[in-house]
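Fold and geometry: a report
Residues per chain, in single letters:
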Amino acid sequence: MKRHICILFAFLFVVTSVSAQTKAQADSAYIEKEYAQACEIYESLLQKGESGEIYYNLGNAYFKQNQLGRAILNYERALLLLPGNADVSANLDIARAKTVDKINPNPEIFFVAWTRALINMLYVDTWGTWGIGLFFCALAALSIYFFAKGVKWRKIGFFTALISLILCIVTNLFAYEQKRKIDHRTDAIVLSPSVTVRSTPSDEGTSLFVIHEGRKVSIKDDSMREWKEIILEDGKVGWIHVSAIEII
């Protein structure tokens with residue numbers, strides 16, 4: 001029995017060491033400017049599970065090769081898992097500045113933009129942790145309200161419980177919104193150098209406009225296999241072949 005346990009621990013140690021070594025090899029390849037090799041290793045690591053850090057490193061490796069579409073794609077994926085990360089946001093802005101298309105999005109209501117920025121201040125797990133902590137804080141405050149003898153302490157317990165409960169609901173809503181964005185991804189990045197957006201899901205459809213590599217689009221209609229209806233930040237709508245884009 002002990003022999004089997006030792007073998008199991010040895011196996012787990014080897015697997016962990018190999019994974020760590022592979023990550024180290026990718027980082028080393030990047031430092032040595034072997035960017036194609038670094039991309040290959042990072043891609044293989046991501047097949048085992050998503051990681052914001054690896055997406056970020058992969059985006060850097062693609063950027064060094066002037067593959068703006070794939071660089072932006074992986075920066076966007078990194079930002080999805082690491083919302084509010086300054087390094088990811090900065091590199092994403094640099095990559096976007098090199099793209100052909102200049103984006104003029106429709107103006108957004110201040111409250112909506114402020115709420116989105118607030119949600120992205122923390123990661124989904126952090127918002128969830130805050131929600132749990134605030135829930136227990138509300139329980140503790142309620143116990144003070146029910147068991148304290150003085151009116152002053154009962155008031156403190158009541159209002160503390162009320163505020164904690166409201167904040168608990170808000171933080172859980174923020175965590176839910178971030179989890180929803182991760183699980184239901186409707187945005188994509190154009191990977192083709194240029195692609196014509198058409199009025200119908202067919203190559204014979206009327207040409208509406210052309211978008212280029214690195215452009216971010218939102219999937220409006222995902223019902224067809226070969227074609228997707230997209231909508232741009234400025235409100236333009238049309239159909240694009242699925243081979244030209246990749247979901248974030």
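Quick summary incoming for the structure in this document. Along every chain, residues carry numbers that run from 1 in the direction the sequence is written. Where local features are concerned, this predicted model is filtered to residues with pLDDT of at least 70; where side-chain atom pairs are given and counted, the filter is 80 or more; whole-chain, interface and lining totals use all residues. The basis for every side-chain value is the complete set of heavy atoms in the structure, and neither hydrogens nor water enter the calculation.

So, the environment of D87
Following the sequence through the fold, D87 ends up in helix α5 (residues 86-97). Sequence spacing of D87 and Y75 is 12 residues, and the spatial spacing of their C-alpha atoms is 9.8 Å. Starting at the N terminus, helices and strands are each numbered in turn, a helix being any DSSP run of H or I of at least four residues and a strand any DSSP run of E of at least two.

Looking at the packing of helix α7 (residues 124-147) against helix α8 (residues 151-183)
For the pair α7 and α8, the least separation of the axes is 7 Å and the interaxial angle reads 160°. It follows that α7 is roughly antiparallel to α8 by the angle criterion. Considering how the two elements wind past one another, α7 and α8 form a crossing that is left-handed. Looking at the contact of α7 with α8, its residues break down into 21 nonpolar, 8 polar and 2 charged. Lines fitted to C-alpha atoms define the axes, with helix axes restricted to the stretch in contact, and inter-axis angles between N-to-C directions lie between 0 and 180 degrees. For classification, angles of less than 35 degrees are called roughly parallel, those exceeding 145 degrees roughly antiparallel, those between 65 and 115 degrees roughly perpendicular, and all remaining angles oblique. In this scheme the crossing of two helices becomes right-handed for a clockwise turn of the near helix relative to the far one and left-handed for an anticlockwise turn of less than a right angle. Gly falls in the polar group here, along with every residue not listed as nonpolar (Ala, Val, Leu, Ile, Met, Phe, Trp, Tyr, Cys, Pro) or charged (Asp, Glu, Lys, Arg).

Notes on helix α2 (residues 35-46)
One less than the residue count of a helix, multiplied by 1.5 Å, gives the span that helix is expected to have. Given a rise of 1.5 Å per residue, 12 residues ought to cover 16 Å, and the 16 Å separating the end C-alpha atoms of α2 matches this to within 8%. Throughout this description, buried means an accessible area under 20% of the type-specific maximum (1.4 Å probe, protein chains only), exposed means over 50%, and partly exposed covers the range between. Those residues of α2 that sit buried are Y35, A38, C39, I41, Y42, L45 and L46.

Quick notes on the packing of helix α3 (residues 52-64) against helix α4 (residues 68-81)
Here α3 crosses α4 at 160°, and the two axes come no closer than 8 Å. Classified by the angle between their axes, α3 and α4 sit roughly antiparallel to one another. The crossing of α3 and α4 is left-handed. Here α3 contributes G52, Y55, Y56, L58, G59, N60, Y62 and F63 to the contact with α4, which in turn contributes L68, R70, A71, N74, Y75, R77, A78 and L81. Residue contacts are counted whenever heavy atoms from the two residues lie within 4.5 Å of one another.

As for the packing of aromatic side chains
For Phe, Tyr and Trp, rings pair up if their centres lie within 6.5 Å, where Trp contributes its six-membered ring, and each pair is then called stacked (planes under 30 degrees apart), edge-to-face (over 60) or tilted (otherwise). Within the structure shown, the criterion is met by 7 aromatic pairs. Where Y30 meets Y35, the ring centres are 5.3 Å apart and the plane angle is 65°; that geometry is what we call edge-to-face. Each ring, one from W127 and one from F174, has its centre 5.0 Å from the other, and the planes form 75°; the classification is edge-to-face. Taken together, the positions of W127 in helix α7 and F174 in helix α8 put the pair 47 residues apart, joining distant regions of the chain. F174 matches W127 in its accessibility class, with the two residues each being buried. Placement of a charge over a ring requires the Lys NZ or Arg CZ to be within 6 Å of the ring centre, with the centre-to-atom vector within 35 degrees of the ring normal. The ring of F209 is capped by K236, whose NZ or CZ atom sits 5.4 Å from the centre of that ring.

Re the pairing of strand β6 (residues 237-241)
The sheet contact formed by strand β5 (residues 227-231) and β6 spans 5 bridges and is antiparallel. Of the residues in β6, the one forming a bridge with I231 is V237. Paired strands, in this sense, are two strands between which DSSP finds at least two bridges. Linking β5 to β6, which pair antiparallel, is a turn of 5 residues; within it G235 sits at a positive phi near 95°.

Focus on a nonpolar patch on the surface
Candidates for patches are residues over 30% relative accessible area with no salt bridge; among them, like charges are joined within 9 Å and nonpolar side chains (Val, Leu, Ile, Met, Phe, Trp, Tyr) within 5 Å. Note on areas: these come from Shrake-Rupley sampling with a 1.4 Å probe, and a residue is covered only by the protein chains present in the view. One speaks of a salt bridge when a side-chain nitrogen belonging to Lys or Arg is within 4 Å of a carboxyl oxygen belonging to Asp or Glu. A contiguous nonpolar patch, built from I132, F135, F136, L139, L142, F146 and F147 and spanning about 770 Å² of accessible area, is present on the exposed surface. Residue position: F146 is located in helix α7.

Describing the nonpolar core
In this description, a nonpolar core means a group of buried Ala, Val, Leu, Ile, Met, Phe, Trp, Tyr and Cys residues linked to one another through side-chain atoms lying within 4.5 Å. Residues Y42, L58, F63, Y75 and I189 are the most contacted members of the largest nonpolar core, which totals 27 residues. Elements represented by at least two residues in this core include exactly α1 (2-31), α2, α3, α4 and α5. Each residue touching Y75, except ones within four places of it in the same chain, is listed here: Y56, G59, N60, F63, V88, N91, L92 and A95. With 13 residues, the next largest nonpolar core counts V195, V197, I219 and A244 among its residues.

None of this, on its own, says anything about what the molecule does.
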